[in-house]
Amino acid sequence: MKKTKRMISSIYDTLNASDSDELEGIYKNWAKNYEHDVINLAGYVGHLITSELLLSYLTKDKAKVLDAGCGTGLVGEFLFNNNFKNVEGVDFSKEMLSIASNKKVYQSLKLVDLTKKLDYKDCVFDAVICAGTFTCGHVGPEALRELVRITKKGGYICFTVRKQEWEAAPYEKVIQSLEDSMSWFEVERHTSNYNTQEGISCQLCLFQVT
Ligand SMILES: C[S@@+](CC[C@H](N)C(=O)[O-])C[C@H]1O[C@@H](n2cnc3c(N)ncnc32)[C@H](O)[C@@H]1O
């Protein structure tokens, strides 16, 4: 009961942070309990559904992949265990990155704010994966434009958007405008499980850059 309360309050706090400083502070304090809480208590599967979907399309295990909002490295671990070892991780929380770093599954890890212009050249990655980071109070749909810019033509972008965030922010508009400018096209998009113990779903999206 005590743990359930802590889980609900940590997730609730991140979804309701009033600005990025507050959000960063929440992850700073939560980092060491994050995986236990989201997996064992909330039944989070965002890292699994994105990794599995991406790997069903990404054939070359040498592919250069960016894990955007990598957190403690759940996605990186999954990809590494499936022989994808050319993976970079970025996140804006030092404490989350420090846990990811201990896993030794990333080629590199960088402190990056995904809401800003990214310090990468155009067309660098074969794929970008972003699990659990397009969610309330975190990173909004405009950040998709930068992810498209840094992905190679023919490369993939796989991400989740939590249900409430999908409904509240203009994801469909940004996605459509990227389709209209022929920057990418939809490969798959469907409603999926997300936080299974909480009964929360997400949009699971896979786009190909053109
Ligand atoms: C729910 S966690 C997901 C982490 C990981 N992808 C996973 O599946 O476990 C959201 C992550 O987004 C990061 N984040 C939030 N806002 C960010 C921003 N503006 N730039 C970069 N990372 C951000 C947080 O630090 C946190 O690690």
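Coordinates for the structure precede this section.
Below is a short write-up of the structure. (Residues numbered from 1 in each chain as written. Predicted model: local features only at pLDDT ≥ 70, side-chain atom pairs only at ≥ 80, totals over all residues.)

1. Some points on the overall build of the protein chain
What the protein chain contains, in helices and strands, is eight helices and seven strands. Radius of gyration (C-alpha) of the protein chain: 16 Å, near the 17 Å computed for a compact globule of 210 residues. In terms of overall dimensions, the protein chain has a C-alpha envelope of 50 × 35 × 30 Å along the principal axes. Among the 210 residues that make up the protein chain, the fraction classed as buried is 43%. Considering only intrachain contacts with a sequence separation of at least 6, the fraction spanning at least 24 residues in the protein chain is 71%. (Helix = DSSP H or I, 4+ residues; strand = E, 2+ residues; numbered from the N terminus. Rg over C-alpha atoms; globule rule 2.2 N^0.38 Å. Buried ≥ 20, exposed ≤ 12 C-beta atoms within 10 Å, placed from the backbone. Contact = placed C-beta atoms within 7 Å.)

2. Side note on the pairing of strand E1 (residues 65-68)
By the alternation rule, side chains of E1 split into Val65 and Asp67 and Leu66 and Ala68, which are all buried. As paired strands, E1 and strand E2 (residues 87-91) are joined by four bridges and run parallel to one another. Each bridged residue has a counterpart across the sheet, and for Leu66 the counterpart in E2 is Glu88. (Pairing = 2+ DSSP bridges.)

3. Section: the sheet that holds strand E5 (residues 151-162)
In spatial order, the strands read E3-E2-E1-E4-E5-E7-E6; together these seven strands make up an open sheet with mixed pairing. If you trace the sheet from one side to the other, it starts and ends with strand E3 (108-111) and strand E6 (184-195), each paired once. This sheet shows a mean twist of 15° between the axes of neighbouring strands, independent of strand direction. Of the pairings in the sheet, the one linking E2 to E3 comprises four bridges and is parallel in character. Within E3, the position partnered with Val90 by the bridge is Lys110. (Axes fitted to C-alpha atoms, helices over the stretch in contact; angles between N-to-C directions.)

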